[in-house]
Amino acid sequence: MTLRALLVTTLAVSTLVAGEASAHAKLVASDPAANAAVAAPKTVSLTFNEKLAPAFSTFEIARADGVKIPVKTTVSKDRKTVSGAPRDRLAAGAYKVTWRVAAADDGHRMDGVVTFTVK
Ligand SMILES: [Cu+2]
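**Student:** Looking at this model, I keep getting lost on the overall build of the protein chain. Mind explaining?
**Tutor:** In terms of helices and strands, the protein chain carries 1 helix and 9 strands. Along its sequence from the N terminus, the protein chain presents helices and strands in the succession α-β-β-β-β-β-β-β-β-β. Split into buried and exposed, the 119 residues of the protein chain put 18% on the buried side. Taking the intrachain contacts of the protein chain between residues at least 6 apart in sequence as the baseline, contacts between residues at least 24 apart amount to 60%.

**Student:** How should I be thinking about the nonpolar core in this particular structure?
**Tutor:** Most often, soluble globular proteins have nonpolar side chains that are buried together. In this structure, Leu 46, Leu 52, Val 82, Val 97, Trp 99 and Val 101 are the most contacted members of the largest nonpolar core, which totals 17 residues. Those elements giving two or more residues to this core turn out to be β3 (44-48), β4 (58-63), β8 (93-102) and β9 (109-118). Each residue touching Val 97, except ones within four places of it in the same chain, is listed here: Val 44, Phe 59, Ile 61, Val 113 and Val 114.

**Student:** Explanation requested: unusual backbone geometry in the structure shown.
**Tutor:** Most peptide bonds take the trans configuration, and most residues that are not glycine carry a negative phi. For the bond running from Asp 31 to Pro 32, omega is 0°, close enough to zero to count as cis. Tracing the sequence through the fold places Pro 32 in the loop between β1 (27-31) and β2 (37-38). The phi dihedral of Asn 35 is positive, around 65°, even though this residue is not glycine. Within the secondary structure, Asn 35 sits in the loop between β1 and β2.

**Student:** Looking at this structure, I do not really get the confidence of the model for the protein chain. What am I missing?
**Tutor:** Interpretation of this model should avoid reading the predicted coordinates in detail wherever pLDDT is low. Looking at the protein chain, the pLDDT average stands at 88 and 81% of residues meet or exceed 70. Across residues 13-21 the pLDDT falls below 50, and counting only partners more than four positions away or on other chains, this stretch makes 0 contacts in the model.

Reading the values: rules and limits
- Residues numbered from 1 in each chain as written.
- Predicted model: local features only at pLDDT ≥ 70, side-chain atom pairs only at ≥ 80, totals over all residues.
- Helix = DSSP H or I, 4+ residues; strand = E, 2+ residues; numbered from the N terminus.
- Buried ≥ 20, exposed ≤ 12 C-beta atoms within 10 Å, placed from the backbone.
- Contact = placed C-beta atoms within 7 Å.
- Core = buried A, V, L, I, M, F, W, Y, C linked by C-beta atoms within 7 Å.
- pLDDT = per-residue confidence, 0-100.

Laid out in structure tokens, this is it:
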């Protein structure tokens, strides 16, 4: 291994360790999966790596043109998954799920977006 390669590897490892040290809730899975093209889903669910504070953890679904799809979300018993059923069947097109959650342990808030397409 050259010195340069060693330096790059060391840097990559420290970045990884720093990322894992933060206790923030991270999205680990979603259904539909991010960027997937699927049949109209009956429910949308997002799973995180740690327990959430249910009162501060939810998501919204919007079409590509910004129109929101009514959805009531709930947090699972193990408090790691937020799910909700869109009130109406989702028509073909692109959708954006904008989530906001708070970690149960330290209350830190995180947010993000998952997109998927209905065929
Ligand atoms: Cu935190």
